[in-house]
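Structure at a glance
Chain residues, written in single-letter form:
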Amino acid sequence: VAGRAVREGVRAMGLTVLPREEDAAGTLTAVKVPMGKEDEIRRLMMEKFNIMISGSLGGLVKGEETYGKGELVRIGHMGLVASPEYIVPTLAALEQVLPEIGFKVKGSGVEAALEVFKQQPKEWINGLLTRLMERGI
């Protein structure tokens, strides 16, 4: 559910998700960003919002296309961060950073992600309640 929320969120913004939905990992989403903007996006996310996302690891082949260093970011959604309390702020930050690098955001990634979570409340609310109980809240 968390992975689908991230993927729907970045697609709503107008970005491309790799790979196809049926091949997507449950723990990580790779996102194609404008060429040469990977490091700038990551830097702005950290500087402005204290949110760390990863960059590319080198070449990635998708069909006949190859994506390499400088045009992919990776957003993790596993364990503790696989919940709305982490995913929503990450998408909100990305929505604010993209216009700074000259990318025109098409729609709200936050709204798209929240719709996914609303459709599967049991999947994420149980994890959230468990974490709150562990913290004594």
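Residues numbered from 1 in each chain as written. Predicted model: local features only at pLDDT ≥ 70, side-chain atom pairs only at ≥ 80, totals over all residues. Heavy atoms only, no water.

**Brief notes about helix 3 (residues 84-100)**
Over its 17 residues, helix 3 extends 25 Å from the first C-alpha to the last, a length consistent with the 24 Å expected when each residue adds 1.5 Å. Note on helix 3: the residue one or two positions beyond its end, Gly 102, has a positive phi of about 95°. (Helix = DSSP H or I, 4+ residues; strand = E, 2+ residues; numbered from the N terminus. Expected span 1.5 Å × (residues − 1).)

**A look at the pairing of strand 6 (residues 72-76)**
In regular strands, side chains alternate between the two faces of the sheet. As defined by bridge partners, strand 2 (residues 28-32) adjoins strand 6 across five bridges and the pair is classed as antiparallel. What sits directly across from Lys 32, in strand 6, is Leu 72. Alignment of strand 3 (residues 54-55) against strand 6, held across two bridges, turns out to be antiparallel. Along strand 6, the bridge assignment pairs Ser 54 with Arg 74. (Pairing = 2+ DSSP bridges.)

**With respect to the sheet that holds strand 2**
Taken in spatial order, the four strands line up as 1-2-6-3 in an open sheet, and their pairing is antiparallel. Two strands in the sheet have a free side with no partner beyond their single neighbour: strand 1 (16-18) and strand 3. Bridge analysis of strand 1 against strand 2 gives three bridges, and the strand direction is antiparallel. Looking across to strand 2, one finds that Leu 18 is bridged to Ala 30.

**A closer look at the nonpolar core**
One finds Val 10, Ile 41, Met 45, Leu 94 and Leu 98 to be the most contacted residues of the largest nonpolar core, which totals 29 residues. Secondary-structure elements contributing two or more residues to this core are helix 1 (2-13), helix 2 (38-49), strand 6, helix 3 and helix 4 (109-119). In terms of residues, this core owes the most to one element, helix 3, which gives seven residues. Each residue touching Val 10, except ones within four places of it in the same chain, is listed here: Leu 15, Val 17, Val 31, Ile 75, Leu 91 and Leu 94. (Core = buried A, V, L, I, M, F, W, Y, C linked by side-chain atoms within 4.5 Å. Buried < 20%, exposed > 50% of the residue type's maximum accessible area, 1.4 Å probe, protein only. Contact = heavy atoms within 4.5 Å.)

**What about the packing of helix 1 against helix 3?**
When two helices pack together, their arrangement is given by the angle between their axes and by how far apart the axes lie. The geometry of helix 1 relative to helix 3 is characterised by a closest axis approach of 11 Å and an angle of 20° between their N-to-C directions. By the criterion of interaxial angle, the relationship of helix 1 to helix 3 is roughly parallel. When the axes of helix 1 and helix 3 are compared, the crossing they make is right-handed. Facing helix 1, whose interface residues are Ala 2, Ala 5, Val 6, Gly 9, Val 10 and Met 13, helix 3 presents Ile 87, Leu 91, Leu 94, Glu 95 and Leu 98. Considered class by class, the residues forming the contact of helix 1 with helix 3 number nine nonpolar, one polar and one charged. (Axes fitted to C-alpha atoms, helices over the stretch in contact; angles between N-to-C directions. Parallel < 35°, antiparallel > 145°, perpendicular 65-115°, else oblique. Left-handed = near helix turned anticlockwise from the far one by under 90°. Nonpolar A, V, L, I, M, F, W, Y, C, P; charged D, E, K, R; others polar.)

**What about the pattern of salt bridges?**
Across all of its chains, the model carries eleven salt bridges by this definition. In this structure, Lys 32 engages Glu 71 in a salt bridge whose closest nitrogen and oxygen atoms are separated by 3.7 Å. Remark: Glu 71 occurs in the loop between strand 5 (65-67) and strand 6 and Lys 32 occurs in strand 2; sequence separation between them is 39 residues. Judged by its relative accessible area of 25%, Lys 32 falls in the partly exposed class. Each of Arg 7, Glu 8, Arg 11 and Glu 21 takes part in salt bridges that share partners, so that together they form one network. (Salt bridge = Lys/Arg side-chain N within 4 Å of Asp/Glu carboxyl O.)

As far as function goes, none of this settles anything; it's purely spatial.
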